[in-house]
Amino acid sequence: MARTSSISELLMIAIRKATVEDASPIATVHVVAWKETYRGIVPDEVLNNLSIQRRTEQWVNSLSDTTHAYHHAFVAEADGQVVGFANFGSPQEKDSGFDGELFAIYILHAAHKQGVGRMLVNAAVNGLREEGHTSMMVWVLKDNPARGFYERLGGVYLYEKPIEIGGEKLMEVAYGWRNLDKFPA
Ligand SMILES: CC(C)(COP(=O)(O)OP(=O)(O)OC[C@H]1O[C@@H](n2cnc3c(N)ncnc32)[C@H](O)[C@@H]1OP(=O)(O)O)[C@@H](O)C(=O)NCCC(=O)NCCS
C-alpha cells in the first residue's frame, strides 16, 4: 500500500526570524492553515473570503515596522520553503496578568506532529525573554484541537470569553505560562 510521506521526513526544518521578505509566504501559510484548521468551526463565509493578497499587505506592514504590535515573528522552513510561523509580543489586553502573548502559530497540515510547533514556540519564548518578558499567554478557539498542544507544553487553563467571528458567537480559551524560565513547565 502507498505510504503518505510528510514534509519533514524528506526535508530539514530550520527556524529563523521572519523578515519583510517573508510576508507573502507567511500570508500563504496563514490563509491555507486557517482553511485547514477552522472549516466547521469558523463560518464558511469567513474562510471563503480570506485573501492571501490582503494578508500579505498586513504582514508587510507589521514586519517592516519595528514598533508594530505584531512585528516579532519566526518562520519554520523546510528546504527553504516556509511551512509555519509564530508571532508574539505584548498582550493586547493590558490587565491579563501576563506580560507576553503568543499571538499566532500556524503550520501547514503536512508538517504537523513532527516537532515544528514545539520549535516555533521555543523560538517565540526565547524571543519574548530577549524582549524582557517573563510570562506568556495564548488565546485559542474552544473547539480547536490545538488546545491539546498548549496543554502538552504546560500551558495552564486560565479563562474563556466570547468572540464574534463572521457574525457568529464563538468561545475562546486562554492558556498561560507564568514563568518563562520554567518553560515548557
Ligand atoms: C497546533 C500546532 C501549532 C502544533 O504544532 P505541531 O508541529 O503539530 O506540534 P509538535 O509536533 O511540535 O508537538 C509537540 C507536542 O504536542 C503534541 N501535540 C501536538 N498537537 C497536539 C494536539 N492537537 N493535541 C494534543 N497534543 C498535541 C505532540 O504530540 C507533541 O507531544 P510529545 O512531546 O509527546 O511528542 C499545529 O498543529 C498547527 O499549526 N495547527 C493548526 C493551526 C492552529 O490551530 N494553530 C493554533 C491557533 S491558536
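In case you missed it, the structure is sitting above this.
Residues numbered from 1 in each chain as written. Predicted model: local features only at pLDDT ≥ 70, side-chain atom pairs only at ≥ 80, totals over all residues. Heavy atoms only, no water.

Peer 1: I keep staring at the packing of aromatic side chains and nothing clicks. Help me out?
Peer 2: For any pair of aromatic rings, the description rests on two quantities: the centre-to-centre distance and the angle between the ring planes. Counted by the stated rule, this structure contains 12 aromatic pairs. A ring pair is formed by Y150 and Y175, whose centres lie 6.4 Å apart and whose planes are at 35 degrees; its orientation type is tilted. Separated by 25 residues along the polypeptide, Y150 in helix α6 (residues 147–152) and Y175 in strand β7 (residues 168–177) bring together distant segments of the chain. The same class applies to Y150 and to Y175, which are both buried. Among the aromatic residues, those joined into a cluster by ring pairs are F149, Y150, Y157, Y175, W177 and F183. Geometry around W34 places R55 over its ring, the cationic atom sitting 5.5 Å from the centre. In this structure, K161 is placed above the aromatic ring of W139, and the distance from its NZ or CZ to the ring centre is 4.3 Å. (Phe/Tyr/Trp six-rings, centres within 6.5 Å; stacked < 30°, edge-to-face > 60°. Helix = DSSP H or I, 4+ residues; strand = E, 2+ residues; numbered from the N terminus. Buried < 20%, exposed > 50% of the residue type's maximum accessible area, 1.4 Å probe, protein only. Lys NZ or Arg CZ within 6 Å of the ring centre and 35° of its normal.)

Peer 1: In this structure, what is going on with the environment of V173? I would like to understand it.
Peer 2: With respect to the helices and strands, V173 occurs in strand β7. Note: C-alpha distance between V173 and P25 (148 residues apart in sequence) is 28 Å. If we ignore the near neighbours within four places in the chain, the residues touching V173 are V138, W139, V140, K142, R147, Y157, Y159 and E160. (Contact = heavy atoms within 4.5 Å.)

Peer 1: Could you clarify how one ought to interpret the site of the ligand in this entry?
Peer 2: Taken together, 21 residues are adjacent to the ligand, and I105, K113, G115, G117 and R118 come closest. Measuring from an oxygen atom of the ligand, one finds a side-chain N or O atom of H112 at 3.3 Å. Here a nitrogen atom of the ligand and a backbone polar atom of P145 are 3.0 Å apart. Compared with its free state, where it exposes 930 Å², the ligand has 79% of that area covered by protein. Here the ligand is seated within the largest pocket. Within the residue set of the shell around the ligand, elements represented by two or more residues are α2 (23–38), β4 (101–107), α5 (116–130), β5 (136–141) and α6. Top element by residues in the shell around the ligand is α6. It accounts for 4 residues. Across the shell around the ligand, the residue classes tally to 11 nonpolar, 7 polar and 3 charged. (Near = heavy atom within 4 Å. Polar contact = N/O pair within 3.5 Å; in protein donor to acceptor, adjacent residues only side chain to side chain. Areas by Shrake-Rupley, 256 points an atom, 1.4 Å probe, with all protein chains shown as cover. 1 Å grid on protein atoms, 1.4 Å probe; cavity = no way out; pocket = protein on both sides within 12 Å on 5 of 7 lines; lining within 4 Å. Sits in = over half its atoms within 2 Å of the grid points. Nonpolar A, V, L, I, M, F, W, Y, C, P; charged D, E, K, R; others polar.)

Peer 1: What is the right way to read the pairing of strand β2 (residues 72–78) from this model?
Peer 2: Consecutive side chains along a regular strand alternate between the two faces of the sheet. Of all 7 residues making up β2, 6 are buried, and the element is well covered by its neighbours. In the sheet, β2 pairs with strand β3 (residues 81–89) via 7 bridges, with the strands oriented antiparallel. Its bridge partner being in β3, A73 is matched across the sheet by N87. Once β2 ends, the chain turns through 2 residues before running back antiparallel as β3, passing D79 with a positive phi of about 50 degrees. (Pairing = 2+ DSSP bridges.)

Peer 1: How should I be thinking about the environment of L141 in this particular structure?
Peer 2: Mapping L141 onto the fold places it in strand β5. In this structure L141 comes out as buried when scored by relative accessible area, which is 8%. For the pair L141 and E93, spaced 48 residues apart in the sequence, the C-alpha separation amounts to 17 Å. When neighbours within four sequence positions are excluded, L141 is seen to be in contact with Y38, I41, V42, R147, I163, I165, L170, M171 and E172.

Peer 1: How should the layout of surface pockets be read in this particular structure?
Peer 2: To find the voids left in a structure, one rolls a probe of water-molecule size over its atoms. Put simply, the largest pocket is a space of about 1500 Å³. In terms of lining residues, the largest pocket is bounded by 48 residues, among which Y38, I105, Y106, N144 and Y150 are the most central. For the lining of the largest pocket, the secondary structure elements donating two or more residues are α2, α4 (52–64), β4, α5, β5, α6 and β6 (156–165). Looking at the lining of the largest pocket element by element, the count peaks at 7 residues for β4. Considering only residue class, the lining of the largest pocket consists of 24 nonpolar, 14 polar and 10 charged. (Points joined across faces, edges and corners; volume = space filled by probe spheres on them.)

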